[in-house]
Amino acid sequence: MSRLTCCYRLAKTNTFRLGSGKLFPQSKTNKSACGPEFGGNMQNWEKSLRTLALADEGCSFCQVDQAGAEALIVAYLCPPGRYRDLFLHGIKPHVYIGVFFPSHWEREFPMVRDFVSIPISELKNHPQWPAFAKLVAKSDSNPSATRYYYFYKQTCHSGNYGIMENTFIENLLSKSGGKVNLSAAEGAQFLGTYRDVAFPELHSFHNYVNRQIETKHELRNLFGYPRKFRSLKFDSKEAYAFIPQSTVGCITNKAVVMMQEHIFTHKLNWIILNNCHDSYLVQAPTSEIMECAKLMKQFIEVPLVGIRGEKFNMRSEASVGRNWGPHSDKNPDGLKEIKI
């Protein structure tokens, strides 16, 4: 069986997340100077290609992902409000945002406007909410013009980090392979509704970042690790993203270290295969994979303290399988979520 490896680049990004690439990459000008090269990027694989990565005989993979990840961090960078309530009550922001676009759903759910006035803590008790949430998520498979779940998901990411409508529209166009092309008015409506109507508390988070840079010329993530800003001219998207992205990256980095120390201490036949920013992948004997999954979750569900002193924990989801691809009818050996 062929093996694939990579070289992790510790200083690749400004957010302490690891980059990955070839081991011993060849020189562009003198390819014979560096000898053979091995492997490649182990982080940004398209999901369908991940089925090519197979566990050794008698072994399985376990992948643990941070649940909510950056968005959960943002919820505690904001003051208490709707956005944080979504995480406290287990509702995805990119599903909930659909209630602020009733024209997308009132044909199937004439009462969709009622959802806005219902406290988030009570929303799951509404008899129509489960069906509504399921339909919003299912719309990700719709034709490009009505892929509302995809629109909402991109709106959440862009809205959290202060991205403006032109960049938002370009990102949608690029990430959809040219299939989704919103007008400037539509882009402004998505972002304006998200930041000004649904979650106005995001402005407080953005103002906090701006003040920190103006007064201290630095930002610190929730572990206290800094990034310096030498000028008051800065990329606002990068600035707003730094605390969430770097905190998430450090959580995974620390989890990988704790897992490797556990493997060394207990002389286990477990192998850490990947650090993918907000998730990590470990191979272990199939008879030990549930024990491995339990430890992986424990190492990544770390306690955190928000900027106002509020305590919370990162959450996680574990998946187990014989190959790295997602579980489906066509890939029954793929990673399938487990409950621990």
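Description of the structure in this document.

Cut-offs and rules
Residues numbered from 1 in each chain as written. Predicted model: local features only at pLDDT ≥ 70, side-chain atom pairs only at ≥ 80, totals over all residues. Heavy atoms only, no water. Helix = DSSP H or I, 4+ residues; strand = E, 2+ residues; numbered from the N terminus. Buried < 20%, exposed > 50% of the residue type's maximum accessible area, 1.4 Å probe, protein only. Contact = heavy atoms within 4.5 Å. Areas by Shrake-Rupley, 256 points an atom, 1.4 Å probe, with all protein chains shown as cover. Polar contact = N/O pair within 3.5 Å; in protein donor to acceptor, adjacent residues only side chain to side chain. Pairing = 2+ DSSP bridges. Axes fitted to C-alpha atoms, helices over the stretch in contact; angles between N-to-C directions. Parallel < 35°, antiparallel > 145°, perpendicular 65-115°, else oblique. Nonpolar A, V, L, I, M, F, W, Y, C, P; charged D, E, K, R; others polar. Phe/Tyr/Trp six-rings, centres within 6.5 Å; stacked < 30°, edge-to-face > 60°. Lys NZ or Arg CZ within 6 Å of the ring centre and 35° of its normal. Core = buried A, V, L, I, M, F, W, Y, C linked by side-chain atoms within 4.5 Å.

1. Some thoughts on the overall build of the protein
Turning to step 1, where the next piece is worked out: Per the secondary structure count, the protein includes 11 helices and 11 strands.
Turning to step 2, where the next piece is worked out: Within the protein, the proportion of its 340 residues that are buried is 48%.
Turning to step 3, where the next piece is worked out: In the protein, of all internal contacts separated by at least 6 residues, the share reaching a separation of at least 24 is 58%.
Turning to step 4, where the next piece is worked out: Accessible area for the protein stands at about 17,700 Å²; split by element, carbon and sulfur atoms hold 52% of it.

2. Section: the side chain of Gln 63
Turning to step 1, where the next piece is worked out: Mapping Gln 63 onto the fold places it in strand β3 (residues 59-67).
Turning to step 2, where the next piece is worked out: A distance of 3.2 Å separates polar atoms of two side chains, one belonging to Gln 63 and the other to Asp 65.
Turning to step 3, where the next piece is worked out: Here the side chain of Gln 63 touches Trp 324 through a polar contact of 2.9 Å, side chain to side chain.
Turning to step 4, where the next piece is worked out: Excluding residues within four positions of it along the chain, Gln 63 makes contact with Arg 50, Ser 279, Tyr 280, Leu 281, Met 296, Glu 317, Ala 318, Ser 319, Trp 324 and Leu 335.

3. Re the environment of Thr 252
Turning to step 1, where the next piece is worked out: Along the chain, Thr 252 turns up in helix α10 (residues 236-266).
Turning to step 2, where the next piece is worked out: When near neighbours in sequence (up to four residues on either side) are disregarded, Thr 252 contacts Gln 66, Asn 275, His 277, Asp 278, Ser 279, Tyr 280 and Ile 300.
Turning to step 3, where the next piece is worked out: At a separation of 2.7 Å, a polar atom in the side chain of Thr 252 contacts the main-chain carbonyl oxygen of His 277.

4. Observations concerning the environment of Ile 97
Turning to step 1, where the next piece is worked out: Here Ile 97 is to be found in the loop between α3 (93-96) and α4 (120-123).
Turning to step 2, where the next piece is worked out: Given a relative accessible area of 0%, Ile 97 falls into the buried group.
Turning to step 3, where the next piece is worked out: Spatially, the C-alpha atom of Ile 97 lies 10.0 Å from that of Tyr 148, the residues being 51 residues apart in sequence.
Turning to step 4, where the next piece is worked out: Setting aside anything within four residues of it in sequence, one finds Ile 97 in contact with Tyr 152, Tyr 194, Ala 198 and Phe 199.

5. Regarding the sheet that holds β3
Turning to step 1, where the next piece is worked out: Taken together, 5 strands build an open sheet; the order of strands is β6-β7-β3-β10-β11 and the sheet is antiparallel. Across the chains shown, the open sheet's two edge strands, defined by having one partner strand only, are β6 (271-275) and β11 (336-338). Across this sheet, the average inter-strand angle for adjacent strands is 30°, counted without regard to direction.
Turning to step 2, where the next piece is worked out: Alignment of β6 against strand β7 (residues 279-285), held across 4 bridges, turns out to be antiparallel. From the neighbouring strand, Asn 274 faces β7, where its bridge partner is Leu 281.
Turning to step 3, where the next piece is worked out: Relative to β3, helix α11 (residues 289-300) is tilted by about 25°, and along the sheet it contacts β3, β7, β10 (315-321) and β11.

6. Concerning the packing of helix α7 (residues 165-175) against helix α8 (residues 184-198)
Turning to step 1, where the next piece is worked out: At their nearest, the axes of α7 and α8 sit 9 Å apart, and the two run at 105° to each other. When the axis of α7 is compared with that of α8, the two are roughly perpendicular. Residues Glu 165, Phe 168 and Ile 169 of α7 lie in contact with α8, whose contacting residues are Ala 184, Gly 187, Ala 188, Phe 190 and Leu 191.
Turning to step 2, where the next piece is worked out: Class assignment for the residues of the contact of α7 with α8 results in 6 nonpolar, 1 polar and 1 charged.

7. Some words on the packing of aromatic side chains
Describing an aromatic ring pair means giving the distance of the ring centres and the angle of the ring planes.
Turning to step 1, where the next piece is worked out: For the structure shown, the criterion picks out 22 aromatic pairs.
Turning to step 2, where the next piece is worked out: With 5.1 Å between their ring centres and 75° between their planes, Tyr 83 and Phe 199 make a pair best called edge-to-face. Taken together, the positions of Tyr 83 in helix α2 (residues 82-88) and Phe 199 in the loop between α8 and α9 (202-216) put the pair 116 residues apart, joining distant regions of the chain.
Turning to step 3, where the next piece is worked out: Looking at Tyr 83, the relative accessible area reads 1%, which means it is buried.
Turning to step 4, where the next piece is worked out: You can call Phe 199 buried: its relative accessible area is 0%.
Turning to step 5, where the next piece is worked out: Seen from their ring centres, Tyr 194 and Phe 199 are 5.1 Å apart, and the 75° between their planes marks the pair as edge-to-face.
Turning to step 6, where the next piece is worked out: Taken together, the ring pairs connect Phe 101, Trp 105, Phe 109, Phe 115, Trp 129, Phe 132, Tyr 148, Phe 151, Tyr 152, Phe 168 and Phe 190 into an aromatic cluster.
Turning to step 7, where the next piece is worked out: In this structure, Arg 50 packs its charged tip against the face of Trp 324, placed 4.3 Å from the ring centre.
Turning to step 8, where the next piece is worked out: When the ring centre of Tyr 150 is taken as reference, the NZ or CZ atom of Arg 147 above it lies at 4.3 Å.

8. Quick word on the nonpolar core
Turning to step 1, where the next piece is worked out: Judged by nonpolar contacts, the single largest core of 89 residues is most densely connected at Tyr 96, Trp 129, Met 259 and Tyr 280.
Turning to step 2, where the next piece is worked out: With 11 residues, the single largest contributor to this core is α10.
Turning to step 3, where the next piece is worked out: Excluding residues within four positions of it along the chain, Met 259 makes contact with Trp 270, Ile 272, Tyr 280, Val 282, Cys 292, Leu 295, Met 296 and Phe 299.
Turning to step 4, where the next piece is worked out: Ala 53, Leu 281, Trp 324 and Leu 335 belong to the second largest nonpolar core, which has 7 residues in total.

9. Here's the deal with the pairing of β3
Turning to step 1, where the next piece is worked out: For β3, the buried fraction is high: 8 of the 9 residues fall into the buried class.
Turning to step 2, where the next piece is worked out: One ladder, built from 7 bridges, connects β3 with β10; its direction is antiparallel. The partner of Val 64 across the bridge, within β10, is Ala 318.

Everything listed here is a matter of coordinates, which is why it stays silent on function.
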